[in-house]
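The residues making up each chain are set out below.
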Amino acid sequence: MAIIRAVNIHKKFATVEAVRNVSLTVEQGEVIAVVGPSGSGKSTFLRCINGLETITDGEIYIDEELLEKRTHGRAHVHLSKEDRTRILLKTGMVFQRFNLFPHKTALENVMLAPVNVKNESRVAAAQKARSLLEKVGLGDKLGEYPARLSGGQQQRVAIARALAMEPEIMLFDEPTSALDPELVEDVLHVMIDLAKSGMTMLVVTHEMGFAREAADRVVFMAEGEVVEVAPPEVFFKSPESPRAQQFMRSILQQG
Amino acid sequence: MEDALLRIAGWMPALLQATVITAKLTVISVSVALVLGFFLAIGKISSNPLISKPASAYVFLFRGTPLLIQLLFIYYVLPELFPVFDLKDPLMAAYVAFSLNVAAYLAEIIRAAIQSIDKGQMEAARSLGLTHGQAMRLVIIPQSYRRMIPPICNEFVMVLKDTSIVAIISLPDLAFKTSQIAATKSSQLVYLPAAAIYLVLTAGFTILFNWLEKKFSLYE
Ligand SMILES: Nc1ncnc2c1ncn2[C@@H]1O[C@H](COP(=O)(O)OP(=O)(O)O)[C@@H](O)[C@H]1O
Ligand SMILES: [Mg+2]
C-alpha cells in the first residue's frame, strides 16, 4: 500500500517554480533517497508533503487519503482542521537544523506533542520518550537542554521527537548536512536502524553511504523535476542522464 | 559640609514620601502596561485584520503623541467632554495615562521578541501536530521572554524618569517635591539627594531584571 502518493506536484513561489510536475509514490516499508544539486526543489517537495508549504497544482494522498488537490492554487478538497491534522500526523519530519525546542530538555522535547496533541498522560509520554531516547543512544541525556548537546545528539533527539507521534512515514531533509563530519555516523546509524525496523522513509541526503546501505530507490531531482529514479547500486555506478552524471562527478570531487 | 548633610537629612522624610509616589506610579503602570502590551502584541501579530488593525492603530496613536499631552487629556480634557471619565484623583489619572502609553511601547518590544524566534520553531511545532495557538503558547512565547527582558528593563528606567512630568497635574512625586523644596528653602542642594534616589531606584530595577534574565536563560 502506498503511504505517499504525490501526483503531478507543482509549487510556484513568486518568481520561481521550485517543484515542476513531480510524481512520486512511496510504498509502505520503502526507503527512498532524494538527491540533487542545491536549489533543485528537494526541500520544497518534502515540505509540501507535510503541509509546511501549499502546492500550486497536483494531488497528495497520504495513506490513500486525499490531503490536497489543487489546480492553479485553487483547492478542490476542504478538510476540517481535525482531519488535516490527523492525516498530516502520519508524517514525521526531521529538519536540517534540528529545530529542537531550546527551552525544553531532551525528554520534554519528545514528550511535548504526545501530551498536548494526543492527550497522553505525562507518565505514559515520559515512559515512551525515555525508551525512544534510549533507542537513539541518548538514555543518559534525558534531562539535558539542547544547548548542551552536540549537533549529532540534537538531531537524534529530533528523530525521537518525531517518532514519538508514531508516524507512518519519516521525512528527513538533509539530516546530517549541518553536522560536523565526525558526528554524521551516529545519526546515520540511527537512521539505518530505523530503516531496518521497517519504517517508511523519504530522505533528502547527499550521504551516498546511507543511500547505498538503506535505500530501495534513489530519486534524482534537478531544477524542480524528477530526472531519474533508479536502485542505488545502478544510480551511483552508472547514472543515465547527463545531469545525474554531472551531479555524481561533483559529489565525488567534494567527497 | 556638615551643615549641608544636616539639611539634606532634614529633607529626607519628605523626599522619601514623594519617592513612594514615583515608585508606585512606575511599578503599577509598567505592570498594567505589560498585560495590555502583551495582548496588543498578540493582536498586532494576528493574521486577522479586524484584530491587527486596531492594535496597530492603538500603538501608532500612543507612540505618536507626547505622553504629556496624553496625561493632560486624561486629567482635564476627557472629564470636560464626558463627566463620567472624571478621575478626580491626579494619581489615578497618572496611572491611567502611563499604563496606556507604556503599553504601546511594550507592545512593540514584546512583538519584536516574539517575531525574533527562529521560524523553524513554529515549523517543528506544527509538524508535530500542535495548533498555531499551542505552538505560540508552548514553544514561541516562552522562548521570547528572555529576549524581551533587557528592553523592558530599559523601558522601566525610562518610565521612572518620565514620571517627573506629573508635576503638570500637581502630583507630589519625587521631582515635584524636590523642586518645591528648592523653591521654598531657596537651596538647590536638594537636587543632590533627589538624583541619588533616582539612581538607587534605577539600580534596584536593573538588578531585579538582571536576575530575571538569568532565571530565564537557564537553558542556554
Ligand atoms: N519560501 C520561498 N520563497 C521563495 N522561493 C523559495 C522559497 N523556498 C525555496 N525557494 C526557491 O525554490 C527553489 C528550490 O529550493 P529548495 O526546495 O530549498 O531546494 P533544495 O532543497 O533542493 O536545495 C530555489 O530556487 C529556492 O530559492
Ligand atoms: Mg534543501
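Structural notes on the pattern of salt bridges
- Applying the stated criterion across every chain yields a total of 25 salt bridges over all chains.
- With a closest N to O distance of 3.0 Å, D63 of chain A and K90 of chain A form a salt bridge. Of this pair, D63 of chain A sits in the loop between β4 (57-62) and β5 (65-71) while K90 of chain A sits in the loop between α2 (81-88) and β7 (91-94), and the two are 27 residues apart along the sequence. An identical accessibility class is assigned to D63 of chain A and K90 of chain A; each is buried.
- Measuring nitrogen to oxygen at the nearest pair gives 2.8 Å for the salt bridge that ties K44 of chain B to E108 of chain B. In this pair, K44 of chain B is assigned in helix α1 (residues 2-45) and E108 of chain B in helix α4 (residues 90-115), connecting sequence segments 64 residues apart.
- You can call E108 of chain B buried: its relative accessible area is 15%.
- The structure contains a network of salt bridges with shared partners spanning D63, E65, D83, R86 and K90 of chain A.

Some remarks on the confidence of the model for chain B
Residue and element names in this part refer to chain B.
- With 100% of its residues at a pLDDT of at least 70, chain B reaches an overall mean of 94.
- Ranking the elements of chain B by mean pLDDT puts helix α7 (residues 174-184) last, at 92, and helix α5 (residues 119-127) first, at 98.
- In the predicted assembly, ipTM is 0.95 and pTM is 0.92.

Some details on the packing of aromatic side chains
- This model, assessed by the stated rule, comprises eleven aromatic pairs over all chains.
- Seen from their ring centres, F38 of chain B and F39 of chain B are 5.8 Å apart, and the 80 degrees between their planes marks the pair as edge-to-face.
- On the basis of relative accessible area, F39 of chain B is assigned to the exposed category, the value being 57%.
- Within the aromatic cluster, the residues linked to one another by ring pairs are F220, F235, F236 and F247 of chain A.
- Sitting above the plane of the Y61 of chain A ring, R5 of chain A keeps its charged end 4.3 Å from the centroid.
- Taking NZ or CZ as reference, R161 of chain A lies 4.5 Å from the ring centre of F101 of chain A, over its face.

Thoughts on helix α3 (residues 67-81) of chain B
- Taking 1.5 Å per residue, 15 residues should reach 21 Å; α3 of chain B reaches 20 Å between its end C-alpha atoms and fits that length.
- Summarising the contacts, the buried residues of α3 of chain B are in contact with α2 (49-64), α4 and α6 (132-162) of chain B.

Focus: the site of ligand 1
Residues and elements named next belong to chain A.
- In the vicinity of ligand 1, the contacting residues are F13, V16, A18, P37, S38, G39, S40, G41, K42, S43 and T44.
- Within the side chain of S43, a nitrogen or oxygen atom sits 2.7 Å from an oxygen atom of ligand 1.
- Its free accessible area being 560 Å², ligand 1 has 60% of it covered by the protein chains.
- If one sorts the elements of the shell around ligand 1 by residue count, helix α1 (residues 42-49) sits on top with three residues.
- Split into classes, the residues belonging to the shell around ligand 1 amount to four nonpolar, six polar and one charged.

Regarding the interface of chain B and chain A
- Counting residues at the interface gives 17 residues for chain B, matched by 23 residues for chain A.
- Carbon and sulfur atoms supply 65% of the area buried between chain B and chain A, which totals about 1,700 Å² over both sides.
- Across the chain B-chain A interface, the total number found is one salt bridge.
- In this structure, E123 of chain B and R47 of chain A form a salt bridge, with 2.7 Å as the shortest nitrogen-oxygen distance.
- Applying the counting criterion to the chain B and chain A interface returns five residue pairs in polar contact (both at pLDDT 80 or more).
- Those elements giving two or more residues to the side of chain B that touches chain A turn out to be α5 and α6 of chain B.
- The biggest single contributor to the side of chain B that touches chain A is α5 of chain B, with six residues.

Focus on the pairing of strand β10 (residues 217-222) of chain A
Residue and element names in this part refer to chain A.
- Within β10, five of the six residues are buried, leaving the element largely enclosed by the surrounding structure.
- In terms of strand pairing, strand β3 (residues 31-35) meets β10 through four bridges, oriented parallel. Counterpart to I32 in the pairing with β10 is R217.
- Pairing of β10 with strand β11 (residues 225-230) involves five bridges; the strand directions are antiparallel. Residue pairing for β11: V219 is matched across the bridge by V229.
- From the end of β10 to the start of β11, which pair antiparallel, there are two residues, and E223 there has a positive phi angle of about 50 degrees.

Thresholds, definitions, all that
- Residues numbered from 1 in each chain as written.
- Chains lettered and ligands numbered in written order.
- Predicted model: local features only at pLDDT ≥ 70, side-chain atom pairs only at ≥ 80, totals over all residues.
- Heavy atoms only, no water.
- Salt bridge = Lys/Arg side-chain N within 4 Å of Asp/Glu carboxyl O.
- Helix = DSSP H or I, 4+ residues; strand = E, 2+ residues; numbered from the N terminus.
- Buried < 20%, exposed > 50% of the residue type's maximum accessible area, 1.4 Å probe, protein only.
- pLDDT = per-residue confidence, 0-100.
- Phe/Tyr/Trp six-rings, centres within 6.5 Å; stacked < 30°, edge-to-face > 60°.
- Lys NZ or Arg CZ within 6 Å of the ring centre and 35° of its normal.
- Expected span 1.5 Å × (residues − 1).
- Contact = heavy atoms within 4.5 Å.
- Near = heavy atom within 4 Å.
- Polar contact = N/O pair within 3.5 Å; in protein donor to acceptor, adjacent residues only side chain to side chain.
- Areas by Shrake-Rupley, 256 points an atom, 1.4 Å probe, with all protein chains shown as cover.
- Nonpolar A, V, L, I, M, F, W, Y, C, P; charged D, E, K, R; others polar.
- Buried area = accessible area lost by both parts, 1.4 Å probe.
- Pairing = 2+ DSSP bridges.

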